[in-house]
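Tertiary structure, described
So the chains spell out like this:
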Amino acid sequence: MDADKKKSIIDSYKQSENDTGSVQVQVALLTERINHLTEHLKSNHKDNHSRRGLLQMVGKRKGFLLYLKEKDIEAYRALIKSLGIRDVK
């Protein structure tokens with residue numbers, strides 16, 4: 001992910017002016033990386049090292065989403081709707 005794309009994602013999901021590490025920003029950045037890696041694995045199906053990294057990122061994103069769901073359900077619902085991802089259980 002290039003710096004411009006990362007900056008635009010941070011700008012759309014930040015909570016305050018200097019926010020780069022809130023849960024919403026981290027989930028949005030992880031979602032972008034997951035989507036990119038998913039496309040990579042469609043054409044490189046034997047790349048098991050990247051597949052493992054993808055599974056780790058999905059697990060990390062799930063942890064962030066469970067935390068956000070517990071702390072602020074409305075922000076959680078807005079985030080999964082805007083990113084187009086499924087509800088975590």
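Right above here is the structure, for reference.
Described below are features of the structure shown in this document. For clarity, every value in this text was computed on a predicted model and none was experimentally measured.

Rules used throughout
Residues numbered from 1 in each chain as written. Predicted model: local features only at pLDDT ≥ 70, side-chain atom pairs only at ≥ 80, totals over all residues. Heavy atoms only, no water. Helix = DSSP H or I, 4+ residues; strand = E, 2+ residues; numbered from the N terminus. Buried < 20%, exposed > 50% of the residue type's maximum accessible area, 1.4 Å probe, protein only. Polar contact = N/O pair within 3.5 Å; in protein donor to acceptor, adjacent residues only side chain to side chain. Contact = heavy atoms within 4.5 Å. Salt bridge = Lys/Arg side-chain N within 4 Å of Asp/Glu carboxyl O. Axes fitted to C-alpha atoms, helices over the stretch in contact; angles between N-to-C directions. Parallel < 35°, antiparallel > 145°, perpendicular 65-115°, else oblique. Left-handed = near helix turned anticlockwise from the far one by under 90°. Nonpolar A, V, L, I, M, F, W, Y, C, P; charged D, E, K, R; others polar.

1. Observations regarding the side chain of S22
Note that S22 resides in the loop between α1 (3-13) and α2 (23-43). On the basis of relative accessibility, which here comes to 16%, the residue S22 falls in the buried class. At 2.9 Å, the side chain of S22 and the side chain of D19 are in polar contact. Residues in contact with S22, not counting those within four places in the same chain, are Y13 and Q15.

2. Quick look at the pattern of salt bridges
A side chain of one charge can pair with a side chain of the opposite charge when the charged atoms of the two come close. A full pass over the atoms with the stated rule returns 7 salt bridges. Here D11 ties to K14 by a salt bridge, and the two come within 3.6 Å at their closest N and O atoms. Using a relative accessible area of 37% as the deciding quantity, one classes D11 as partly exposed. Here K14 falls in the partly exposed class, since its relative accessible area comes to 27%. Residue E39 is joined to K42 by a salt bridge in which the shortest nitrogen-to-oxygen separation is 3.2 Å. Note that E39 and K42 are positioned in helix α2 at a spacing of 3 residues, about one turn of the helix. Three or more residues joined by partner-sharing salt bridges are found here, namely K7, D11, K14 and E17.

3. A short note on the packing of α2 against helix α3 (residues 48-71)
At a closest axis distance of 9 Å, the pairing of α2 and α3 adopts a crossing angle of 155°. In terms of orientation, α2 and α3 fall into the roughly antiparallel class. Handedness of the α2/α3 crossing: left-handed. Mapping the contact onto sequence places V23, Q24, Q26, V27, L30, T31, R33, I34, L37, T38, H40 and L41 in α2 and S50, R51, G53, L54, M57, V58, K60, R61, F64, L65, Y67 and L68 in α3. Split into classes, the residues belonging to the contact of α2 with α3 amount to 13 nonpolar, 7 polar and 4 charged.

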